[in-house]
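Coordinates in review
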Amino acid sequence: MTSTRPVPRNIDKPNRMAEFVVAFLVTYYSLMFLFHKPIIAFGAGVLATYIMYKFTANKPEGMAFRWWYRYFSIGKMVPNPKKAKKFEI
């Protein structure tokens, strides 16, 4: 009798680790630059990661980056859809 290999249940689970890392590091280093207090910066980083988790729960991967791109421009090379004068390919 042959048996098939079991498929892991989380094979299609979205991986949001990049969003969590960016949220933590941006918050941590910006507060360390402003206040030079590691405890406050670490706590705010954990809070930012928790807020990012709640914001992106049950949404596709990259939802936070899509939201960021929609409201804030990333550099001056590629304007976001709100600031583009016309659609260009």
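Up top is the structure these notes are about.
A brief report on the enclosed structure follows. Because the structure is predicted, anything quoted here is derived from the model rather than measured.

Brief notes about the overall build of the protein
On a plain count of helices and strands, the protein comes out with three helices and zero strands. Listed by position from the N terminus, the elements making up the protein come as α-α-α. Every one of the 89 residues in the protein was classed for burial, and the buried ones make up 18%. Considering only contacts within the protein whose residues lie at least 6 apart along the sequence, 43% involve residues at least 24 apart. About 8200 Å² of surface is accessible on the protein, with carbon and sulfur atoms providing 67% of the total.

Description of the environment of Phe20
Relative to the helices and strands, Phe20 resides in helix α1 (residues 17-35). Assessed through its relative accessible area of 19%, Phe20 is described here as buried. Sequence separation between Phe20 and Gly45 is 25 residues, and the spatial gap between their C-alpha atoms is 9.5 Å. Beyond its immediate sequence surroundings of up to four residues, Phe20 is in contact with Thr49, Met52, Tyr53 and Thr56.

A few points about α1
Here α1 is 19 residues long and its end C-alpha atoms lie 27 Å apart, about the 27 Å a rise of 1.5 Å per residue gives. Along α1, the positions that sit buried rather than exposed are Glu19, Phe20, Ala23, Thr27, Tyr28 and Leu31. The buried residues of α1 all sit within an arc of 145° when viewed along its axis, so they share a single face. In α1, those exposed residues whose orientation departs by more than 90 degrees from the buried face are Met17, Val26, Tyr29 and Phe33. Tucked into the core, α1 has its buried residues touching α2 (38-56) and α3 (63-71). Among the residues trailing α1, His36 stands out with phi positive, at a value near 60°.

Describing the packing of aromatic side chains
For the structure shown, the criterion picks out four aromatic pairs. Look at Phe20 and Tyr53: their rings are 6.4 Å apart centre to centre, the planes differ by 50°, and that puts the pair in the tilted class. Of the two residues, Phe20 sits in helix α1 while Tyr53 sits in helix α2, which places them 33 residues apart along the sequence. We classify Tyr53 as partly exposed; its relative accessible area is 46%. Each ring, one from Phe24 and one from Tyr28, has its centre 5.8 Å from the other, and the planes form 10°; the classification is stacked.

What counts, and at which threshold
Residues numbered from 1 in each chain as written. Predicted model: local features only at pLDDT ≥ 70, side-chain atom pairs only at ≥ 80, totals over all residues. Heavy atoms only, no water. Helix = DSSP H or I, 4+ residues; strand = E, 2+ residues; numbered from the N terminus. Buried < 20%, exposed > 50% of the residue type's maximum accessible area, 1.4 Å probe, protein only. Contact = heavy atoms within 4.5 Å. Areas by Shrake-Rupley, 256 points an atom, 1.4 Å probe, with all protein chains shown as cover. Expected span 1.5 Å × (residues − 1). Arc of directions from axis to C-beta. Phe/Tyr/Trp six-rings, centres within 6.5 Å; stacked < 30°, edge-to-face > 60°.

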